[in-house]
Amino acid sequence: MSSRYRIPFNRPHVSGKELTYLQQVMAGGHASGDGPFTKRCQALLEEMLPGTRALLTTSCTHALELAALLLDAGPGQEVILPAYTFVSTANPFVLRGALPVFVDIRADTLNIDERLVPDHISDRTTTLAVMHYGGIACEMDPLTTLAARHGLQIVEDNAHGLFGRYRGRALGTCGHLAALSFHETKNITCGEGGALLINDPELVARAEVLREKGTDRSRFFRGEISRYTWIDVGSSYLPSELLAAYLCAQLEARDCIQARRRQIWTRYYSALEPWATAAGVGLPCVPADRDQPFHLFYLMMPTPEARARLKAHLAGADIFSVSHYVPLHSSPVGRRLGGRPGQCPVAEDISERVLRLPFYADLTADDQDYVLASIMSWRP
Ligand SMILES: *Cc1c(COP(=O)(O)O)cnc(C)c1O
């Protein structure tokens, strides 16, 4: 996301070792997928997320498509998901012919409202797809209990939540399957990329096949079989070693990146708190039993008009602030699938009031001061 603003909304971070690692790939004679850097990234993710198997993919969207394939999603099935999320939580299931059932969100964390889920479960429901907004966990204990009672598979769209925790458990290890994003707007990036996290050991072997065009090439590469062949459906979800090399540099720099993001987030929060209270503006809510990954920072403006005016005020100071999701049930596709206005009032309300502030690891203290001063010079 390049920007003509003095302070852009996002600027992808470069940790320093990316180019060295890219040169190693170019000199090493293995540029397609599943080479040494892919394995290094997967091993790092598995170390960070105990109990999971990680497979790099070309995007989070593709990891979710793999998840939908693995769970045999199809016509006649329903998938429960929050109304306030990115299209990629829903699309992979819709592509398979399953029906998305949109549930409203909680006004505090902006995550799926677990209290509303039971009313949306039918005998066609197979999957509960959750998304941890800003990497602040959903109410996973009640959701897991509900899913177990009704025999539902849980898929975590964990695009925001690498490094997040719920009651000590790493996000991405709470569901049967989870997806990570390494898009340039995320904390760790290789431009475009993702990973499927598999927490059910019985799904690992098939996931490798589906990711490798429906063949058993992964076993062939490990020397377990003498030739590979077509054994299942599948597609090409394996990223090149060039992307894995870039990603590896970022994953290795994660402590540095996260320390910087924590600093920026904490500074936004403490500097804005008195102003926000006086101006009737809400700040992100992080319940005490959750660790957040410092993925985004937003203001919950009192009205849509106040949001438009603050956004324009900041644009006048050459600062790019942005809104977020259009609730999926009220989107053109959502309406075609049966969504109607009024169905998810909290999502509809807050989607008109969220304003996300510039937030990236390389936002300097001076630039953040400038953003803070510009916000606080605005009068409601
Ligand atoms: C970024 C994002 C995705 C998509 O990630 P890609 O890697 O671009 O496919 C999916 N879900 C959520 C919630 C996201 O924020």
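All residue numbers here refer to positions counted from 1 along the written sequence of the relevant chain. With pLDDT at 70 or above as the cut-off, local features in this predicted model cover only qualifying residues; side-chain atom pairs require 80 or more to be listed or tallied, and sums for whole chains, interfaces and linings still use all residues. Here the side-chain values reflect all heavy atoms present in the structure, with hydrogen atoms and water set aside.

**Looking at the site of the ligand**
Surveying the vicinity of the ligand reveals 14 residues, the closest of which are T61, D157, H160, S181 and K186. Throughout this description, a polar contact denotes any pair of N or O atoms lying within 3.5 Å of each other; where both atoms belong to protein, one of them has to be capable of donating a hydrogen while the other can accept it, and for residues adjacent in sequence the pair is counted only when both atoms sit in side chains. In this structure, an oxygen atom belonging to the ligand sits 3.3 Å away from a side-chain N or O atom of K186. Taken by itself the ligand offers 380 Å² of open surface, and the protein chains cover 92% of this. In this analysis a 1.4 Å probe is tested at points of a 1 Å grid over the protein atoms alone, and where it fits but cannot get out there is a cavity; an open set with protein on both sides within 12 Å along at least five of seven lines is a pocket; lining residues have an atom within 4 Å of a point. A cavity or pocket is said to hold a molecule if more than half of that molecule's atoms lie within 2 Å of its grid points. Taken atom by atom, the bulk of the ligand overlaps the largest pocket. We call a residue near a molecule or strand whenever a single non-hydrogen atom of that residue lies within 4 Å of it. For every accessible area listed, the method is Shrake-Rupley and the probe measures 1.4 Å; residues are considered covered only by the protein chains on display.

**Quick notes on the environment of S330**
A run of DSSP states H or I qualifies as a helix once it reaches four residues; a run of E qualifies as a strand once it reaches two. Both are numbered from the N-terminal end. Within the element layout of this structure, S330 appears in the loop between α10 (304–316) and α11 (332–336). Separated by 232 residues in sequence, S330 and A98 place their C-alpha atoms 18 Å apart.

**A word on the pattern of salt bridges**
Just to be clear on terms, a salt bridge is a Lys or Arg side-chain nitrogen sitting within 4 Å of an Asp or Glu carboxyl oxygen. Tallied over the full model, the rule gives 26 salt bridges. Residue D34 is joined to R211 by a salt bridge in which the shortest nitrogen-to-oxygen separation is 3.7 Å. On the criterion of sequence distance, the pair formed by D34 in the loop between α1 (18–28) and α2 (36–48) and R211 in helix α6 (residues 204–211) is long-range, its members being 177 residues apart. Across this residue pair, the class does not change: D34 and R211 are buried. The partner of K213 in a salt bridge is E212, and the shortest N-O contact between them spans 3.2 Å. Burial status follows relative accessibility: with a 1.4 Å probe on protein chains alone, a residue under 20% of its type maximum counts as buried, one over 50% as exposed, and anything between as partly exposed. The exposure class of E212 is buried, given its relative accessible area of 0%. Salt bridges linked by common partners bring R106, D108, E114, E139, D141, R167, R169, D289 and R290 together as one network.

**Points about a nonpolar patch on the surface**
The patch calculation keeps residues exceeding 30% relative accessible area without a salt bridge and links them within 9 Å when they carry like charges or within 5 Å when they are nonpolar (Val, Leu, Ile, Met, Phe, Trp, Tyr). On the surface, L99, V333 and L337 cluster together into a nonpolar patch covering about 210 Å² of accessible area. For L337, the location among the structural elements is in the loop between α11 and α12 (345–351). Overall, the relative accessible area of 31% leaves L337 in the partly exposed class.

**Quick notes on empty space enclosed by the protein**
With a probe scaled to a water molecule rolled over the atoms, the places where space remains empty come into view. Grid points are joined across faces, edges and corners, and a volume is the space filled by probe spheres set on the points. Counted under the stated rule, the structure contains three cavities of 30 Å³ or more. Here the largest cavity is characterised by a volume of approximately 80 Å³. For the largest cavity, the full set of lining residues is N158, A159, H160, L162, F163, L180, S181, F182, K186, N187, I188 and H295.

**Details of the domain arrangement of the protein chain**
Start and end points for every domain follow an automatic or database-based domain assignment. Parsing the protein chain into structural domains produces domain 1 (18–252) and domain 2 (254–376). Measuring from the centre of the C-alpha atoms in domain 1 to the corresponding centre in domain 2 gives 25 Å. Counting residues at the interface gives 46 residues for domain 1 and 33 residues for domain 2. Put simply, buried area is how much 1.4 Å-probe accessible surface two parts lose in total, over both of them, once they are put together. Around 3200 Å² of area is buried between domain 1 and domain 2 when both sides are counted, 62% of it from carbon and sulfur atoms. Among the residues domain 1 hides against domain 2, the three largest losses belong to Y84, F102 and N187. Together they make up 21% of the total. Across the contact surface, domain 1 and domain 2 share two salt bridges. In this structure, the salt-bridge partner of D289 is R167, at a minimum N-O distance of 2.8 Å. We call two residues in contact whenever any of their non-hydrogen atoms come within 4.5 Å of each other.

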